[in-house]
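# Examination of the molecular architecture
As a plain string of letters, each chain reads:
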Amino acid sequence: PNIIKYLINTTARMGKKDKKKKDPEKKAALAAKKEAKADKAAVKRLQKEQDRLNSLSIQDSDRDDGKPQKPQEESLDSILASFRQRTKELETAVQEPIDTSFPCPPRGNFTLTLCPTNGLFYMFGGEYYDGSENLVFDELLRWNPDFKADNNDEQEGANENKSDSTDNNNNIDSYDTGKWTRILTPSPTPPPRCAHSAVFHNDGIYIFGGEMATAEKYHHYKDLWRLDVKKNTWEECKSRGGSLPAARSGHRAVAWRHYMIIFGGFQEELRADTRWFNDVHIFDFQTNIWCELKHNKLARLPPARSACNMTVCADALFIYGGYSKLKNANTGAGANKSEGITHIDCWMLPLKPLINASKSGPLSGASPPSWERISRKGEYPSQRAGTSAVLHKNKLLVFGGVLDSEGDQHKMESVFYDDLFALDMERRRWFAMRLKKASGGGRRRKKKDNQDDSKVENDGGNDSDNSEEEDEVPQNDAEAISSGWDFDKLRNDMFAFIDGNGNIVYEKIEDEDEDGEDDSNKIGEEEKTKEAPDLPTDATPVGKTVTREKKQVGVKNVDKIDASAVMQVDSKGLPSTVTRQTPLPRINCAVAIKGNTLYIYGGVVEVGDREVTLDDCWSIDLNKRDKWTCIWPGQMHKQVWKGVDDDDSYISSDQGGDDDEDSLDEDFELDPIHEDDVNNDEKMTEEERKKAKKAAKKAKEKEKRRGVRHEITELKDKLGVDNAQRTPQMGESVAEFYARTTEYWSVEAAKSAGVAAADNGERLSTKELAREGFLQAKKRYEELKPVLERLDELEAMQQEGAEEKHKKKDKKKSSKKDRR
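A brief structural summary.

## Some words on the environment of leucine 794
Looking at the element boundaries, leucine 794 is found in helix H13 (residues 766–817). Taking the relative accessible area as the measure of exposure, leucine 794 reaches 1% and is therefore buried.

In C-alpha cells:
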C-alpha cells in the first residue's frame, strides 16, 4: 500500500473525529499497526507468486502479464537472523549448496581468498545497500570455479532448485559458474562486517578489522579471527602481548613468511573527527604477538590513507594509491570542511631487515626499515580511487577505479574505469594490460638487442608462462589514456531499474535542443562512435537500438531509452541484460588469481545517487589475454533500488502492484482507528515503534515539501509574476520598480487614457500620462509585495530543505567513499 497516502488519510480522519491533542508516538504506532494489517494480504500474494515462479522451468519463468515481478517483501534482515540462529544451534559444520548460481543478494566490500591447498575460494562478509537500508553479512561461502556440471547427478539435482530466471540473450546453462557452497559453522563465529581484510596462512584464513555499518549500528572492529579450512571452524586469535592496532576498516593486509602485515585504514566516530592511518602493524602467527614499526618523527612516510593496493614481492612491501580526506585549514567560507584526496603515489618498504631482527629477538625492538617512494614510470593509470589489486608473479595487477571531482554548485561528478594495469615491481614500471589482437599465425617474440631480423623466432601460438613478458615496453613515461564512463554514459547505458513498489523506473534524460526536435538520429550517430557494441551477434548495433521516446514531464521533454550496450527492455517491459564482451567499470570488486587466470567478481558502480551493487563474474587468461570470459552475467537488471527521490529525476512506469488491491486513491477510506485499539492489539516492539516514527516523519516531510511546491506554482500562475515587466524584484522600492519598467507602464497608461478620451472627448498630457503610469505601477507593487514576500519565504524553505537533503546524502556517501 501507499504508505504516504495512508498516513495522510489516517491523520486527517483522526483529526475530524477527535480534536484532542494526541501523542505523536501513539499516532505513529496506530498508523504502523494498520499498515501491517493491510500488508498481510499483499505479502501472501507475493509469496504465492514467488513460489509459482520458482516452480517453473527456466524457460517459462517470465511473467505473462507484462508487469515486473515485485520485490520480495520478506525482510532480508529476518533471513539473516534465521541463518545466524541456525549456526548457534550447530555442533559441527554443515555444508549445503546455495539455491542460486551465484550468491544472492549481491554484496560489496567482502573478501574472496584463495586457499592454495585445495584450490578453492572462500568468501566472507560484505554489505548490500538498496537505497533504504544497509545489510551487513557474516555468511561464509566457498567457490570451486573449476567444477563442471556434466554427468554429475548431484549438480543436476541442485540445478533443478535454482531460481535464476533466463533473459532474452542469456541462458543460464551456457555459463560455467562452478559450484558455490554455504558453510554453516558452529559457534563462536565473527560478527557481521564489511571492508575488513583476509589473508591465508598454514591452512587458515585470518580475518581482521572491518566495520558494521547499518542504520542502527556503526562500529569498527579490531578483532582477529582464524578459519580452519580443514575443520570449517572459527577461532578468535587472542593477542599474547605487543602493540595492538586500533580498530579500523578500509585497511590492507598481506601474509609474509610467518607474519601478517597491516597498513592504513580509517576509523570514524560519531563524536570525533575521522582518523586516517599510515601505521604498520605486524602479527606473528607463531607467537600470536602484535608489534608496530615505529619510525622517528623525521622519517619520510607515506601519507595516511585507506583502500590502497598492497602486496609483498621479493621481501619488500609495496603500496599504491588510496583515498583519504584532509580538513581545510582556511578561515573563510568552507573552513573545517574535509576535502577528498585521491592518492597516486607508490611506496616500497624493504622487509629483509626484519628477518635479521627476528633472529635476535622480538620485532618490536628492531630498528624499522625506511620507506622509499617509487617514481611513476611506463604507461601508468590515471588518477583514481577504489581500485582492486592482486599479485601475479612479480606484477601487481590493478583493475577499475573511480575519479570523483566537484562540479558546478558543489555537485560531485564521477568517472568509473574498466581498464587493467600491471606494475612490474622488479623493473618498477607500469604497463597497460590491453587485450591482444588475435593473429592468424603465431606470435612473434620481441627481438633482443643482439639479434638480427633473421633470428626472430615464431612460436606458433604456444602459450608459455613468459608470454606476458612480450608486452611492448612504452617508449616514454606517460599517463595511459583512459576514457572512463561518466555520469551521462552510465545513465544512458544503465537506464532502468525496479523501485521498492515493483515499478520499472527510467532515468530522466532532458532534451536540451531549443527547437524541441527529436534528436534520436543525433544520438544514434554518437553511439556509433563508441567502442564496439557488446550486443549479441544477432542483435542490431547499439547505435540503432538506442531509441528515444518523448515524454512530457512538466514543461520539458525527456528521453526514455529502451536499449543500450548494458541492458534492454524486452517486449513485456521488463529489464534484461545483453551479452557483453568485457566487464563493466566498477570500484571495490574482488580480484583473485588461480594459476594464470585472473578472476573479477562483483563491485559497485554509481549512477548519480543510485548505487548498483554488481554480482557478475569474469575471468581472463593472463597468458593469452585475447578475451574476457563471462562466468556469470549477474542480476543487476533485477536489483531493487528503494532510494528513489521525489525530485523528478526519474520516470516511473507505475506498472507494479495490483490496482484493485494494492493502490490507494484519494477517495479510499479506512475504518476509524481508536486509541483503545493499541491496548487490544499486541504491543509493538521497540524496533517497530522506531520504524513507525521514522515512516511518519518521512511522510510528513514529503507532504510539507509537496505543499510548498504547490503553493509556489499556484501563486505564480494566479498573479502572473513570471512577467518581469509587471513584477517588482525583491528589495525594490516603488520608485525603482517604476524606473525599471517605465516604458511598459507608459504604454499601459496610454491604452487606458485612450479609452477615457474616447468616452469623455479629452486627451491627457505627457505629464498626466506619466502620472497615470506611476499610479498603475504603484498599485501593482502594493498588490504583489506580500505575494513576493511569501514566495521568497517559500523558496527559502525549499532551498533549506534541498540543502538538508543533500547533506544527508553527502554524509551517507562520504562514509562509503572513505573506503575507496
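## Let's talk about the sheet that holds strand S7 (residues 179–184)
The pairing of strands in a sheet comes from backbone hydrogen bonds and takes either a parallel or an antiparallel form. Reading across the sheet, the 5 strands line up as S1-S7-S6-S3-S2 and stay open at both edges, with antiparallel pairing between neighbours. In this open sheet, the two strands that pair with only one neighbour each are strand S1 (94–97) and strand S2 (111–115). Sheet twist, expressed as the average angle between the axes of neighbouring strands with direction ignored, equals 30°. Of the strand pairs in this sheet, S2 and strand S3 (residues 120–124) are connected by 5 bridges, and their pairing is antiparallel. Directly across from threonine 111, in S3, lies its bridge partner phenylalanine 124.

## Observations regarding empty space enclosed by the protein
Under the defined criterion, the tally for this structure stands at 6 cavities of 30 Å³ or more. In this structure, the second largest cavity is lined by Met494, Ala496, Phe497, Met567, Arg610, Glu611, Val612, Met636, His637, Gln639, Val640 and Trp641. Of all the secondary-structure elements, those providing two or more residues to the lining of the second largest cavity are strand S32 (496–499), strand S41 (610–621) and strand S43 (640–641). Counting residues per element, the lining of the second largest cavity draws most heavily on S41, at 3 residues. Residue composition of the lining of the second largest cavity, by class: 8 nonpolar, 2 polar and 2 charged.

## Looking at the pattern of salt bridges
Within this structure, the stated rule accounts for 23 salt bridges. A salt bridge links glutamate 139 to arginine 182; the nearest nitrogen and oxygen atoms lie 2.6 Å apart. Pair noted here: glutamate 139 is in the loop between strand S5 (134–136) and strand S6 (140–144) and arginine 182 is in strand S7, with a separation of 43 residues, a long-range link. Taking the relative accessible area as the measure of exposure, glutamate 139 reaches 10% and is therefore buried. A relative accessible area of 18% means that arginine 182 is categorised as buried.

## Focus: the packing of aromatic side chains
Scanning all chains against the criterion turns up 27 aromatic pairs. When the centroid spacing of 5.3 Å and the interplanar angle of 65° are considered together, the rings of phenylalanine 102 and tyrosine 601 count as edge-to-face. You can see phenylalanine 102 sitting in the loop between S1 and S2 and its partner tyrosine 601 sitting in strand S40 (residues 597–607), a full 499 residues away along the chain. Each residue in the set Phe102, Phe110, Phe121, Trp143, Trp180, Tyr599, Tyr601 and Trp632 is aromatic and connected to the rest through ring pairs, giving one cluster. Sitting over the face of the ring of phenylalanine 147, lysine 179 holds its NZ or CZ atom 5.2 Å from the ring centroid. Sitting over the ring of tryptophan 485, lysine 489 keeps its end group 4.4 Å from the ring centre.

Cut-off values and rules
Residues numbered from 1 in each chain as written. Predicted model: local features only at pLDDT ≥ 70, side-chain atom pairs only at ≥ 80, totals over all residues. Heavy atoms only, no water. Helix = DSSP H or I, 4+ residues; strand = E, 2+ residues; numbered from the N terminus. Buried < 20%, exposed > 50% of the residue type's maximum accessible area, 1.4 Å probe, protein only. Pairing = 2+ DSSP bridges. Axes fitted to C-alpha atoms, helices over the stretch in contact; angles between N-to-C directions. 1 Å grid on protein atoms, 1.4 Å probe; cavity = no way out; pocket = protein on both sides within 12 Å on 5 of 7 lines; lining within 4 Å. Points joined across faces, edges and corners; volume = space filled by probe spheres on them. Nonpolar A, V, L, I, M, F, W, Y, C, P; charged D, E, K, R; others polar. Salt bridge = Lys/Arg side-chain N within 4 Å of Asp/Glu carboxyl O. Phe/Tyr/Trp six-rings, centres within 6.5 Å; stacked < 30°, edge-to-face > 60°. Lys NZ or Arg CZ within 6 Å of the ring centre and 35° of its normal.

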